[in-house]
Amino acid sequence: MGAAAAGGHALRAVGDVVSFPATVAAFVEALLQGWAEARAGLLVPLLRAAVLLCTAMSLIVLAEKVFLGAVSSVAKLRRRRPGRVCRCDPDEEAAAASQAYPMVLVQIPMYNEREVYQLSIEAACRLTWPVDRLIVQVLDDSTDSVIKELVKGECERWATEEGINVKYETRKDRAGYKAGNLKEGMRHAYVRACEFVAMFDADFQPPPDFLVRTVPFLVHNPSLALVQTRWKFVNANDCLLTRMQEMSMDYHFKVEQEAGSSLCNFFGYNGTAGVWRTQAIVESGGWEDRTTAEDMDLALRAGLLGWEFVYVGSIKVKSELPSTLKAYRSQQHRWSCGPALLFKKMFWQILAAERVSVWKKWYMVYDFFIARRIVGTFYTFFFFSVLIPLNILLPEAQIPVWELIYIPIAITLLNSVGTPRSIHLVILWVLFENVMALHRFKAILIGFLEADRANEWIVTQKLGNLQKLKSIARLTGSYRFKDRFHFLEVFIGLFLLASACFDYLYRDDYVYLFVLPQSIMYFAIGFQFVGLNVSED
């Protein structure tokens, strides 16, 4: 009986062994059937919907580019220069007396700007304007006592040796960051006598005739609140990162700012290289630190009160582009997160504004925020980094050729018109912008959700005289690996690489030619092989 039981036990074991492969096969078959049903019933329809969504977004982006490009082109062809639209002729007879010149305040906010403080203070003090009608206000938020002494000494030198009215101002803490610094600067009693305020970040060097060419616009046109000028980059040739930034910034100034000024006398203030009417700042409520886009915040509030802006692209102010990827990423986070949070806070205020036309409200809401910043950023990231590789795995959801090739080419060409000298870099620039769109989209989400980093403010690192790169910028052995590693970019790079390999091996098309270069750019940024690696010592 014991033997029979043992035999039965052995038989069951053998039976289990015999049935095990059949069980595995049935399980695998069930998985495959479930995948097929999920693929046909859920994933493919979702992907097709995503294709339609991206098609709609691409048309929105293309239409916005064509529209702004057409407006700026017509303005140039008709020679609709600011001087012809707004009166800006100086009164030569009255100009003989210094009292004919309005009082102007030049503000220079700075924070531990060891490399550039001398450049900005010198440029401000050399502005062509009567000494008794000019106040240079250096707003120093530095936390480094050595740098504070250097900046203070430079201000005292110009005041003593050159007779310039330089005011060196500090405060107890950095509450509100740049906005708080500017707000505190406006509270000093001597500011009340200043009719206009020119603002320059610490790395900006205005030409001597800057005030002579900008202030007359405000003097002769009482409805004008702001004269914005163009940025000229002294370090555009330093590395591939700065060359690609130059392409984006040139488009912004030559097309977006030009079009906004021509369409409805409104655009986003760039935070520097501009001159404000003091009355407009006061009437708009002054500087606000509720977002990291304090410049755009002030411009929106002034625009909703009916104030007008003019962009003068012929006046160029020297400035510096971020030369390190770390500095550029922090700048782009601020420039994307701040506007998203600001749009959330001011949407209903824009719609309810009574002093501006419906057309101007439409431009602010749709073109300025939705099409340019939200739709454009999401489309750039999602289409090239998510939809195309997913389409390789799920080819049932076909992307039309015109959507895959023609529209992106058209958008790229329209974006690259600002910098003809860099047209040979346009493919690298597109790949770079596609990767940065991920970073910008994350920042937009953080802004909308008001997450922990919504009001993060990191001052963009500046290197000053980059003609001495050998002594300033260098590869350092102490540059920690974790500071060079960006997980999300590397992860998406691996996903794109796998998709490209799958397409090359198993599909009869050439989509991998789009995906493989994009994966390489993701790795280049993920491991921080773009830009300069600079010692922070």
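Just so you know, these numbers come straight off a predicted model, no measurement behind them.

Right, let's talk about the overall build of the protein chain for a bit. Assigned secondary structure in the protein chain consists of 17 helices and seven strands. In the protein chain, which comprises 537 residues, the proportion classed as buried is 53%. Considering only contacts within the protein chain whose residues lie at least 6 apart along the sequence, 83% involve residues at least 24 apart. Just so you have it, the protein chain exposes about 25,300 Å², and 61% of that area is on carbon and sulfur atoms.

Our focus in this paragraph is the UniProt feature "transmembrane region" (unreviewed entry) in the protein chain. When the UniProt feature table is mapped to this numbering, "transmembrane region" (unreviewed entry) covers residues 49–71, 370–393, 405–432, 487–506 and 512–534. For residues 405–432, helix accounts for 64% and strand for 0%, while the C-alpha atoms at its two ends are 18 Å apart.

Looking at the element boundaries, Glu 113 is found in the loop between β1 (104–110) and α3 (117–125). Judged by relative accessible area, which is 5%, Glu 113 ranks as buried. Contacts of Glu 113, omitting those with residues within four sequence positions, involve Ser 142, Ile 147, Ala 202, Val 459 and Lys 462.

For Pro 82, the location among the structural elements is in helix α2 (residues 82–85). A relative accessible area of 18% means that Pro 82 is categorised as buried. On a C-alpha basis, the gap between Pro 82 and Ser 262 in space is 8.8 Å, while along the polypeptide they are 180 residues apart. Apart from the residues lying within four places of it in its own chain, the contact partners of Pro 82 are Phe 217, Val 310, Tyr 311 and Val 312.

The subject of this paragraph is the sheet that holds strand β5 (residues 224–233). Within the open sheet, the seven strands sit side by side as β3-β2-β1-β4-β6-β5-β7. Their pairing is mixed. Bordering the open sheet on either side are β3 (166–169) and β7 (308–319), each of which pairs with just one other strand. Strand-to-strand twist across the sheet, computed as the mean angle between neighbouring axes with direction ignored, equals 20°. Where β5 meets strand β6 (residues 274–277), three bridges bridge the pair, whose relative direction is antiparallel. Residue pairing in the sheet places Val 227 in a bridge with Val 275 of β6.

Moving on, we get to the pattern of salt bridges. Within the structure shown, the criterion is met by 21 salt bridges. A salt bridge links Glu 122 to Arg 126, with the nearest nitrogen and oxygen atoms 3.1 Å apart. Arg 187 is the salt-bridge partner of Glu 184, the closest N and O atoms lying 3.1 Å from each other. Owing to a relative accessible area of 30%, Glu 184 belongs among the partly exposed residues under this scheme. Residue Arg 187 is classed as exposed on the basis of its relative accessible area, which comes to 54%. Among the ionic contacts, a cluster of salt bridges with common partners joins Glu 64, Glu 256, Asp 367 and Arg 372.

Ranked by size, the top nonpolar core spans 88 residues in total, and within it Val 106, Val 136 and Trp 276 carry the most contacts. Each of domain 1 (47–80 + 323–536) and domain 2 (83–89 + 99–322) gives at least three residues to this core. Val 51, Met 57, Phe 381 and Ile 411 belong to the second-largest nonpolar core, a separate cluster that totals 53 residues.

We now examine the packing of helix α10 (residues 325–352) against helix α13 (residues 426–449). Look at α10 against α13: their axes get within 7 Å of each other, and the N-to-C directions meet at 45°. Accordingly, the angle class assigned to the pair α10 and α13 is oblique. Remark: the crossing between α10 and α13 carries right-handed chirality. Here Tyr 328, Arg 329, Gln 332, His 333, Ser 336, Cys 337, Ala 340, Leu 341, Phe 343 and Lys 344 of α10 come into contact with α13, specifically with Phe 432, Glu 433, Met 436, His 439, Arg 440, Lys 442, Ala 443, Ile 444, Ile 446, Gly 447 and Phe 448. Residues that form the contact of α10 with α13 fall into these classes: 11 nonpolar, five polar and five charged.

Helix length check: α10 (28 residues) gives 40 Å between terminal C-alpha atoms against 40 Å at 1.5 Å per residue, within 8%. The principal kink in α10, of about 50°, is found at Met 346.

Counting across every chain of the model gives 32 aromatic pairs. Look at Trp 231 and Trp 335: their rings are 6.4 Å apart centre to centre, the planes differ by 55°, and that puts the pair in the tilted class. Of this pair, Trp 231 sits in strand β5 while Trp 335 sits in helix α10; the two residues are 104 residues apart in sequence, bridging distant segments of the chain. Given a relative accessible area of 32%, Trp 335 falls into the partly exposed group. Looking at Lys 167, its charged tip hangs above the ring of Tyr 190, at a distance of 5.1 Å from the centre. The ring centre of Trp 457 lies 4.5 Å from the NZ or CZ of Arg 334, which sits over that ring.

With 11 of 11 residues buried, helix α9 (residues 294–304) lies mostly within the body of the structure. Restricting attention to buried positions, one finds in α9 the residues Glu 294, Asp 295, Met 296, Asp 297, Leu 298, Ala 299, Leu 300, Arg 301, Ala 302, Gly 303 and Leu 304. Taken together, the buried residues of α9 touch α5 (177–185), β6, α8 (278–283), β7, α10 and α11 (358–393).

Our focus in this paragraph is unusual backbone geometry. A negative phi angle characterises most non-glycine residues, just as the trans form characterises most peptide bonds. Here the phi dihedral of Tyr 177 falls at roughly 55°; this positive angle occurs in a residue that is not glycine. Locating Tyr 177 in the fold gives a position in helix α5. Even without glycine at this site, Ala 273 takes up a positive phi of about 60°. With respect to the secondary-structure elements, Ala 273 resides in the loop between α7 (240–264) and β6. Look at Ala 273 and you get buried, because its relative accessible area is 0%.

Cut-offs and rules
- Residues numbered from 1 in each chain as written.
- Predicted model: local features only at pLDDT ≥ 70, side-chain atom pairs only at ≥ 80, totals over all residues.
- Heavy atoms only, no water.
- Helix = DSSP H or I, 4+ residues; strand = E, 2+ residues; numbered from the N terminus.
- Buried < 20%, exposed > 50% of the residue type's maximum accessible area, 1.4 Å probe, protein only.
- Contact = heavy atoms within 4.5 Å.
- Areas by Shrake-Rupley, 256 points an atom, 1.4 Å probe, with all protein chains shown as cover.
- UniProt positions renumbered as here; feature names shortened; annotations may be inferred.
- Pairing = 2+ DSSP bridges.
- Axes fitted to C-alpha atoms, helices over the stretch in contact; angles between N-to-C directions.
- Salt bridge = Lys/Arg side-chain N within 4 Å of Asp/Glu carboxyl O.
- Core = buried A, V, L, I, M, F, W, Y, C linked by side-chain atoms within 4.5 Å.
- Domains from an automatic or database assignment.
- Parallel < 35°, antiparallel > 145°, perpendicular 65-115°, else oblique.
- Left-handed = near helix turned anticlockwise from the far one by under 90°.
- Nonpolar A, V, L, I, M, F, W, Y, C, P; charged D, E, K, R; others polar.
- Expected span 1.5 Å × (residues − 1).
- Bend = angle between axes of the 7 residues up to and from the residue.
- Phe/Tyr/Trp six-rings, centres within 6.5 Å; stacked < 30°, edge-to-face > 60°.
- Lys NZ or Arg CZ within 6 Å of the ring centre and 35° of its normal.

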